[in-house]
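Letter by letter, the chains look like this.
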Amino acid sequence: LRLCLGGWGSLVNPTGVAACPGSGGLAVAHDGKKRIHVFGPSGFCLRRFGERGDASNDIKYPLDVTVTSDGHVVVTDGGDRSVKAFDFDGRGVLAVREGFCLPWGLDATAKSEVILTDSEAGALYRLAADFQSGELKKCQVIRSRLVSPRAVAVCQTSGAVVVIEHLKARGPSKGSTRVTIFSAEMDLIGQMDSFGLNLVFPSRIYATAVAFDKEGRVIVTDVCSQAVICLGKPEEFPIFNPLISHGLSYPVGLTYTANNSLVVLDSGDHSVKVYSS
């Protein structure tokens, strides 16, 4: 653990974290008065924006955040079922309401497109826009018939996409999760639910966040064991390699910075924890 920032009062029930390409900063979505906080590499808060309210550029309830390679902050807003983009100074440049049911997780591609999940529709979207001019170019479904997809990550080198699906509960259980991996062409590569993972791993896994490391390995957070686990590359999926097994309370967000530091968003103590590799 190299750095811990935030905490109750600074961050309130945080839901998403994203690394800012090039700058080493972090954007965090949470439930405070201003919904997006941008932290510098040292952990100092550089700016806050995204007022709680009903104006078109306000953010009612942020579910996730990503930062494009050209420095735009993109947020899914569960409050009015939209996707909103801001420049790095916090000025709203675009709000997309393309008939989403409940846009949830999102991640930016190397080309500054955005891959996002719609949890209620069971769909995966690709969104392309000219964020400088605020012009939406396309917003299309690239995969459907998923089960409550939430967290999503895009591999910056291969273009592969990994999604965390939340499966319906059967009987008294709390349900389970499924890790699903697609190629850049959206062909299914691998899939494993909590039951299948239990056959490989020593304990039950309930995945809440996902990321690719720079080598293209799939990394997930597990709230059951309060851990961060490497599941391996898509072609070797799944392996079991715990990366962080103590010091976490309820990990809900995950990203890697440009210098390959692993960032974990912990909603249990409302903090962001940065680990050196």
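Residues numbered from 1 in each chain as written. Predicted model: local features only at pLDDT ≥ 70, side-chain atom pairs only at ≥ 80, totals over all residues. Heavy atoms only, no water.

Asks: Quick question: what am I supposed to make of the sheet that holds strand β7 (residues 73–77) here?
Replies: The strands making up a sheet associate through hydrogen bonds between their backbones, and the pairing can be parallel or antiparallel. Read across the sheet, four strands follow the order β6-β7-β8-β9 without closing on themselves; strand pairing throughout is antiparallel. One side of each edge strand has no neighbouring strand; the edge strands of this open sheet are β6 (62–67) and β9 (92–96). Adjacent strand axes in the sheet meet at a mean angle of 20° when their direction is disregarded. Examined bridge by bridge, β7 and strand β8 (residues 82–86) share five bridges and lie antiparallel to one another. Across the sheet, residue Asp77 finds its bridge partner in β8, namely Ser82. (Pairing = 2+ DSSP bridges. Helix = DSSP H or I, 4+ residues; strand = E, 2+ residues; numbered from the N terminus. Axes fitted to C-alpha atoms, helices over the stretch in contact; angles between N-to-C directions.)

Asks: Is there a simple way to explain the nonpolar core in this structure?
Replies: Note on soluble globular proteins: their nonpolar side chains tend to be buried together. One finds Val162, Val210, Val218, Val220 and Leu231 to be the most contacted residues of the largest nonpolar core, which totals 21 residues. When residues of this core are traced back to their parent elements, those giving at least two are β14 (149–154), β15 (161–167), β16 (176–182), β18 (207–212), β19 (218–222) and β20 (227–232). If we ignore the near neighbours within four places in the chain, the residues touching Val210 are Ala151, Val152, Ala153, Val162, Ile164, Val218, Ile219, Val220 and Leu254. (Core = buried A, V, L, I, M, F, W, Y, C linked by side-chain atoms within 4.5 Å. Buried < 20%, exposed > 50% of the residue type's maximum accessible area, 1.4 Å probe, protein only. Contact = heavy atoms within 4.5 Å.)

Asks: Looking at this structure, I do not really get the UniProt feature "repeat: NHL" (unreviewed entry) in the chain. What am I missing?
Replies: Per the UniProt entry, the sites bearing "repeat: NHL" (unreviewed entry) are residues 1–42, 46–89 and 246–277 in this numbering. Between the C-alpha atoms that bound residues 46–89 there is a distance of 10 Å. The span itself is 0% helix and 50% strand. (UniProt positions renumbered as here; feature names shortened; annotations may be inferred.)

Asks: Hey, could you run me through the side chain of His72 in this one?
Replies: Residue placement: His72 occurs in the loop between β6 and β7. On the accessibility criterion, His72 (4% relative accessible area) is buried. Engagement of the side chain of His72 in a polar contact is seen with the side chain of Asp70, the distance being 3.1 Å. In contact with His72, other than residues within four places in its own chain, are Thr66, Val67, Phe86, Asp87, Val93, Phe131 and Gln132. (Polar contact = N/O pair within 3.5 Å; in protein donor to acceptor, adjacent residues only side chain to side chain.)

Asks: Explain the environment of Arg35 to me, please; I cannot follow it from the model alone.
Replies: With respect to the helices, strands and loops of the structure, Arg35 is situated in strand β4 (residues 34–39). Arg35 gets classed as buried once you look at its relative accessible area, which sits at 1%. Linking Arg35 and Gly50, residues 15 residues apart in sequence, is a C-alpha distance of 5.0 Å. Sequence-distant contacts of Arg35, that is, excluding residues within four places in its chain, are made with Val28, Ala29, His30, Phe49, Gly50, Arg52, Ile59, Lys60, Tyr61 and Pro62. Of the polar contacts made by the side chain of Arg35, one reaches the side chain of Asp31; its length is 2.6 Å. At a separation of 3.1 Å, a polar atom in the side chain of Arg35 contacts the main-chain carbonyl oxygen of Ile59.

Asks: How do you make sense of the layout of surface pockets when you look at a structure like this?
Replies: Here the idea is plain: a probe the size of a water molecule rolls over the atoms and shows the empty space left. If you add up the space inside the second largest pocket, you get close to 240 Å³. Lining the second largest pocket are 14 residues, and of these Thr109, Ala110, Lys111, Arg126 and Gly159 lie nearest its centre. (1 Å grid on protein atoms, 1.4 Å probe; cavity = no way out; pocket = protein on both sides within 12 Å on 5 of 7 lines; lining within 4 Å. Points joined across faces, edges and corners; volume = space filled by probe spheres on them.)

Asks: What am I meant to see in the packing of aromatic side chains here?
Replies: The description of an aromatic ring pair rests on the distance of the ring centres and on the angle between the ring planes. Tallied over the full model, the rule gives two aromatic pairs. Each ring, one from Phe49 and one from Phe86, has its centre 5.3 Å from the other, and the planes form 45°; the classification is tilted. Linking Phe49 in strand β5 (residues 45–51) with Phe86 in strand β8, this pair joins segments that are 37 residues apart in sequence. On the basis of an interplanar angle of 85° and a centroid distance of 5.0 Å, the ring pair of Phe100 and Tyr125 is categorised as edge-to-face. Separated by 25 residues along the polypeptide, Phe100 in the loop between β9 and β10 (103–108) and Tyr125 in strand β12 (residues 123–130) bring together distant segments of the chain. An identical accessibility class is assigned to Phe100 and Tyr125; each is buried. Across from the ring centre of Trp104, 4.5 Å away, lies the NZ or CZ of Arg150, which sits over that ring. (Phe/Tyr/Trp six-rings, centres within 6.5 Å; stacked < 30°, edge-to-face > 60°. Lys NZ or Arg CZ within 6 Å of the ring centre and 35° of its normal.)

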